[in-house]
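Residue strings, one per chain:
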Amino acid sequence: MLPYLRKTSNNLYTVAFYNLENLFDTKNNPQTLDDDFTPYGKNKWNKERYENKLYKLSKTVSEIGSDTTKKVPSIVGFAEVENKSVVEDLITSKYLKEHDYDFVHYDSPDERGIDTALIYRKEDFEVLASEAHPLIVYNDNGERDYTRDILHVTGRLNNEQIHVLVNHWPSRREGAEATSYKRVEAAQKIHEIIYSVKQAEEDPSFIIMGDFNDDPGSESIKDHLMYPDLYNPMAKLLDPYSKGSLNHQARWNLFDQIIFTNNFFNDQAGTHSFAHADVFDELFLKEWHGKFKGNPFRTFAGSKYLGGYSDHFPVYVLLKQNY
């Protein structure tokens, strides 16, 4: 437990984000490019492998922040879930089924069929409304890039109203610089959503989480997302040589981030204050030996099955409830 939080662990709550690395079921969906994740596909994705992944992911989610809070997370955003059924299977798997989680999920137009989702512990969080905001971006040739929607969930965390935006921004597959404009457009879309809410609410509280496919210092985050009324606690965590949420070519990135509005620094009764942020990179989530020792223990390396958790570590913040 963090020493400076020891006396207040009973009023600390975990908010987390986790890219689950292709949480697919084993069924073929003819509407999406999911053939690799079927029993006879390239990845030989069968019931045993699927259930092993659910077991591992549920263990991970249940432990995020628990050293300090002594309880499971209140809210967890996900990237790379195939559909509603895999989210249901996850929250009813071994380590989560006793904690009364529910979820919000919408199918997105992503060609591979991967979506974002939000799970929440009903004891802590009540959903008031939800919406999927399409992110309309185009490739250089003028064709639409069918990427993930931005999931917007409005709810009450211990009776304080907050807005949670769950993101999985366009990838870097064609190169970081060549695709940067798509992530800049995603940042602008976030501000459109925030502006719309501000027309109806005075000083709304936002938590913006996701796999942004950019680091805290990248153009899309630093120059386009981070307006003066937002704070990014993840900016201080990244060290390219020792700490991040994913590793590429022996360098760490922190694409997974949780950003929030400055009103999470107040101490007014009935609100929540920011207490701590970190990458959940426990030893059991890492490769234990070999060339990739210390990296996330992933499910696949290409089409080679490793049987691990994910190619990303989760990230989280602790919020202190003010009385």
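Everything here concerns the structure above.
Not measured: the values here are computed from a predicted model.

Trainee: Help me get a handle on the overall build of the protein chain, residues and values and all.
Mentor: Of regular secondary structure, the protein chain possesses 5 helices and 18 strands. In terms of C-alpha radius of gyration, the protein chain reaches 19 Å, essentially the compact-globule figure of 20 Å for 323 residues. Dimensions of the protein chain along its principal axes, counting C-alpha atoms only, are 55 × 45 × 40 Å. By residue count, 56% of the 323 residues in the protein chain fall in the buried class. Put simply, the protein chain shows about 14800 Å² of open surface, and 47% of that area lies on carbon and sulfur atoms.

Trainee: Summarise the pairing of strand β4 (residues 115-121); cite the residues concerned and give the values.
Mentor: For β4, the tally of buried residues reaches 7 of 7 residues, placing the bulk of the element in the interior. Pairing analysis gives 5 bridges linking strand β3 (residues 101-105) to β4, with the strands arranged antiparallel. For tyrosine 101, the partnering residue across the bridge sits in β4 and is arginine 121.

Trainee: Kindly report on the environment of lysine 122, identifying the contributing residues and their values.
Mentor: Structurally, the position occupied by lysine 122 is in the loop between β4 and β5 (125-133). The class for lysine 122 is partly exposed, based on a relative accessible area of 42%. When residues no more than four places from it in sequence are discounted, the contact partners of lysine 122 are Asp100 and Asp102.

Trainee: Kindly report on the environment of alanine 235, identifying the contributing residues and their values.
Mentor: Within the element layout of this structure, alanine 235 appears in the loop between β11 (230-231) and β12 (246-248). Its relative accessible area of 46% is what places alanine 235 among the partly exposed residues.

Trainee: Any details on the sheet that holds strand β1 (residues 12-23)? Residues and values, ideally.
Mentor: What the 6 strands build is an open sheet, ordered β3-β4-β2-β1-β18-β15; its pairing is mixed. Each edge of the open sheet is held by one strand with a lone partner, namely β3 and β15 (272-279). On average, adjacent strands in this sheet sit at an angle of 20° to one another, irrespective of strand direction. Where helix α1 (residues 47-63) meets the sheet, its contacts fall on β1, β2 (75-81) and β4, and the angle it forms with β1 comes to roughly 160°. Sheet strands touched by helix α3 (residues 84-91): β1, β2, β3 and β4. Its angle to β3, the strand with the most contacts, is close to 165°.

Trainee: Give a detailed account of the sheet that holds β11, specifying residues and quantitative values.
Mentor: If you walk across this open sheet you meet the 6 strands as β5-β8-β9-β10-β14-β11, and the pairing is mixed. What marks the edges here is a single partner per strand, and that holds for β5 and β11. Where β11 and strand β14 (residues 256-261) come together, 2 bridges link them in antiparallel fashion. Pairing of leucine 230 across the sheet is with threonine 261, part of β14. Contacts from helix α4 (residues 176-198) reach β5, β8 (150-157), β9 (160-168), β10 (206-211) and β11 within the one sheet, and its direction differs from that of β8 by about 40°.

Trainee: Which residues make up α1, and what values go with them?
Mentor: Relative to the 24 Å expected for 17 residues at 1.5 Å per residue, α1 spans 25 Å between its end C-alpha atoms, a close match to the ideal helical length. Of the residues making up α1, those classed as buried are Tyr50, Lys53, Leu54, Lys56, Leu57, Ser58, Thr60, Val61 and Ser62. In the segment just after α1, glycine 65 is the residue with positive phi, at about 75°.

Trainee: Residue-level account of the nonpolar core, with values.
Mentor: Membership of the largest hydrophobic core comes to 64 residues, with the highest contact counts inside it found for Leu23, Phe78, Ile119, Ile207 and Met209. Among the elements that make up this core, the one with the highest residue count is β1 (7 residues). Residues contacting methionine 209, with those up to four places away along its chain left out, are Val15, Ala16, Phe17, Gly77, Leu118, Val164, Leu165, Val166, Asn167, Gln257 and Ile258.

Trainee: Account for the packing of α1 against α3, naming residues and giving values.
Mentor: In contact at an axis separation of 9 Å, α1 and α3 are set at 60° when each is read in the N-to-C sense. In terms of orientation, α1 lies oblique with respect to α3. Remark: the crossing between α1 and α3 carries right-handed chirality. From α1, Tyr50, Leu54, Leu57 and Ser58 reach across to α3, where they touch Ser85, Val86, Asp89 and Leu90. Across the contact of α1 with α3, the residue classes tally to 5 nonpolar, 2 polar and 1 charged.

Procedures and definitions
Residues numbered from 1 in each chain as written. Predicted model: local features only at pLDDT ≥ 70, side-chain atom pairs only at ≥ 80, totals over all residues. Heavy atoms only, no water. Helix = DSSP H or I, 4+ residues; strand = E, 2+ residues; numbered from the N terminus. Rg over C-alpha atoms; globule rule 2.2 N^0.38 Å. Buried < 20%, exposed > 50% of the residue type's maximum accessible area, 1.4 Å probe, protein only. Areas by Shrake-Rupley, 256 points an atom, 1.4 Å probe, with all protein chains shown as cover. Pairing = 2+ DSSP bridges. Contact = heavy atoms within 4.5 Å. Axes fitted to C-alpha atoms, helices over the stretch in contact; angles between N-to-C directions. Expected span 1.5 Å × (residues − 1). Core = buried A, V, L, I, M, F, W, Y, C linked by side-chain atoms within 4.5 Å. Parallel < 35°, antiparallel > 145°, perpendicular 65-115°, else oblique. Left-handed = near helix turned anticlockwise from the far one by under 90°. Nonpolar A, V, L, I, M, F, W, Y, C, P; charged D, E, K, R; others polar.

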